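# Remarks on the overall topology
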Amino acid sequence: MRNSEVIRQWNLLRALEAARHGATVKQLSKDLEVTTRTIWRDMEALQAVGFPLFSEKDGRETRWRLNGVPFKGLADLGISFVELCSLFMGRAMVSSMAGAPFGSALAAMCHKLERTLPDKMRLFLDRLPALIEAKGGATKKSDAKTHDEHVGKLLEASLHRRVCVMRYHSASRNRTKDYTVHPYRVVHAHGGLYLLAWVPEYAEVRTFAIERIKRVSLQEQTFVLQAELPADAFAHSLGVNRGKPERIIVLFAPRIAGYVRERTWHKSQQLEDLPDGRVRMTLNVCADAALKTWVLGFGAFAKVEAPSSLAEEILAQLEQARDAYAPRLELAIARNIFTVDQPRLPGIGSRRAS
């Protein structure tokens, strides 16, 4: 089956499910911009693999419908037919969460739901993932068994508000330290899990990367919440920071202006198109490492206009990066000058006359 046919037939299924009172072949033909003959052929093909299409008379017209909950058990779950099929086709997206302890459980749930589909239907739906690929981002490495045990304990501590004692390695400070914490929430972000916990020693909520926790134990002692967390724990960061937001202005060159415009980098962003083709972006985020890495990722095509302190930090990092390359460049230039300008000595770089 050609790719265009698979996509067209999937769109036909979605159109039938969306049609509350059913749809005529003529109407489907118009909406999908194909001939009525194509609609008839597609419906026959879908029925042949098990999709529950049925028709009913409405005066002189025949309307077609899709039984939204065709299989036993789905009605109780409140899952529509197209939702079930979408979940089946989205297995790749679910598997991209394999770095989290919930990945295996989600995959098992998908597998159980898949078994409610007839074999021929699964073969048909298997064609769509070949056209829609999900590429996961970077995931954090950790010992799976230990990681899952730690997550389980932290979730229990958060639920029952139990104090925890944990040994944690700080990557930024390169040290390992014991902490007494009040676990508030576990957050999945940027390919890893993070613990937001109140630390009595510092009288504030801090963020811990769970894969860096060496050990954790639950105490009998319970705690009372000392701070309220927003629904979006990292709302003001491009990464996993809870710092104070400030007004950031970044200017992008015409070469990447289109790329910048077509994406939402942060919910606070505001874009301004300039006459010379550049685009100015204003953000209300914290100036953390994630923001700096993001700006530096655009290389020479992005320039921080404000605040000046952030622009100076970006410039300093660019100069440090240049210095890391400079010795090699100078050596390469020196070698090139020697090769080009140095006169050749007899017998060196040429064949000797016999």
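A brief look at the structure comes next. What you are looking at is a predicted structure, and each value in this text was computed from that prediction instead of being measured.

### Focus on the overall build of the protein
When you go through the protein residue by residue, the secondary structure sums to twelve helices and eleven strands. In the protein, 60% of the contacts between residues at least 6 apart in sequence involve partners at least 24 apart. Carbon and sulfur atoms form 51% of the exposed surface of the protein, whose accessible area is close to 22400 Å².

### Regarding the packing of aromatic side chains
Tallying each qualifying case throughout the model produces twelve aromatic pairs. Ring plane angle 55 degrees and centroid distance 5.5 Å describe the contact between Trp-265 and Trp-294, whose orientation is recorded as tilted. Here Trp-294 lies in helix α11 (residues 289-296) and Trp-265 lies in the loop between α10 (254-261) and β9 (270-273), a separation of 29 residues in the sequence. With a centroid separation of 5.3 Å and 90 degrees between ring planes, the pair formed by Trp-294 and Phe-298 is classed as edge-to-face. Taken individually, Trp-294 and Phe-298 each receive the classification buried, so the pair is uniform in this respect. Here the aromatic cluster, defined as three or more aromatic residues joined through ring pairs, consists of Phe-252, Tyr-259, Trp-265, Trp-294 and Phe-298. Directly above the ring of Tyr-202 sits Arg-206, whose terminal nitrogen or CZ lies 3.7 Å from the centroid.

### Points about unusual backbone geometry
The omega torsion across Ala-306 and Pro-307 is 0 degrees, close enough to zero to call that bond cis. Tracing the backbone through its elements, the reader meets Pro-307 in the loop between β11 (302-306) and α12 (308-341). In the Ramachandran plot, Glu-33 falls in the positive-phi region, its phi being about 60 degrees despite a non-glycine side chain. Here Glu-33 is to be found in the loop between α2 (25-32) and α3 (36-48). Notably, Arg-161 is not glycine yet its phi reads approximately 55 degrees, a positive angle. Locating Arg-161 in the fold gives a position in the loop between α9 (144-160) and β3 (162-170). For Arg-161, a relative accessible area of 39% puts it in the partly exposed group.

### A look at the side chain of Thr-282
Looking at the element boundaries, Thr-282 is found in strand β10 (residues 279-285). With relative accessibility at 16%, the residue Thr-282 sits in the buried group. Setting aside residues up to four positions removed in sequence, Thr-282 forms contacts with Arg-247, Ile-248, Ile-249, Ser-268, Gln-269 and Gln-270.

### Quick notes on the sheet that holds β10
The strand order across the open sheet formed by four strands is β9-β10-β8-β11, and the pairing between neighbours is antiparallel. At either margin of the open sheet sits one strand with a lone partner, and together these are β9 and β11. When strand polarity is set aside, the average angle formed by the axes of neighbouring strands in this sheet is 25 degrees. Across the sheet, α10 is in contact with β8 (246-252), β9 and β10; its angle to β10 comes to roughly 50 degrees.

### Re the pairing of β8
Summarising burial for β8: five of the seven residues are buried, a large majority. With seven bridges joining them, β8 and β10 adopt antiparallel strand pairing. Pairing of Glu-246 across the sheet is with Val-285, part of β10.

### Digging into the nonpolar core
By size, the foremost hydrophobic cluster in this structure holds 30 residues, and its most contacted members are Leu-154, Met-166, Val-181, Leu-195, Phe-208 and Ile-210. Residue assignment for this core shows that the elements contributing at least two residues are α9, β3, β4 (175-189), β5 (192-199), β6 (204-209) and β7 (213-222). When residues of this core are assigned to their parent elements, the largest contribution, seven residues, is made by β5. Beyond its immediate chain neighbours, meaning those up to four positions away, Met-166 contacts Lys-177, Asp-178, Tyr-179, Val-181, Leu-195, Phe-208, Ile-213, Arg-215 and Val-216. Within the second largest apolar cluster, 20 residues are counted, among which are Leu-13, Leu-16, Trp-64 and Leu-117.

### Some remarks on the sheet that holds β5
Read across the open sheet, the five strands follow the order β6-β5-β4-β3-β7; overall the sheet is antiparallel. The sheet is open, and its two borders are formed by β6 and β7, each paired with just one other strand. With direction set aside, neighbouring strand axes in the sheet form an average angle of 45 degrees. Strand direction decides the pairing type here: β3 and β4, joined by seven bridges, are antiparallel. Paired with Val-165 across the bridge in β4 is Thr-180.

Calculation rules
Within every chain, residues take consecutive numbers counted from 1 along the sequence as written. The predicted origin of the model limits local features to residues at a pLDDT of at least 70 and limits the giving and counting of side-chain atom pairs to 80 or more, whereas totals for whole chains, interfaces and linings rest on all residues. By convention in this description, side-chain values take in all heavy atoms of the structure and omit both hydrogens and water. Strands here mean DSSP runs of E at least two residues long; helices mean DSSP runs of H or I at least four residues long; both are numbered from the N terminus. We call two residues contacting when some pair of their heavy atoms lies within 4.5 Å. Working definition of accessibility: Shrake-Rupley area with a 1.4 Å probe, residue cover restricted to the visible protein chains. Each Phe, Tyr or Trp ring, with Trp reduced to its six-membered ring, pairs with another whose centre is within 6.5 Å; inter-plane angles below 30 degrees give stacked pairs, above 60 give edge-to-face pairs, and intermediate values give tilted ones. Think of it in three bands: residues with accessible area under 20% of the maximum for their type are buried, residues over 50% are exposed, and the middle band is partly exposed, with areas taken using a 1.4 Å probe on protein chains only. Put simply, a charge is over a ring when the Lys NZ or the Arg CZ is close to the ring centre, within 6 Å, and near the line of the ring normal, within 35 degrees. Two strands are said to pair when DSSP picks up at least two bridges between them. To get an axis, a line is fitted to the C-alpha atoms, and for a helix only the part in contact is used. The angle between two axes follows their N-to-C directions and goes from 0 to 180 degrees. Note on terminology: a nonpolar core comprises buried Ala, Val, Leu, Ile, Met, Phe, Trp, Tyr and Cys residues joined through side-chain atoms within 4.5 Å.

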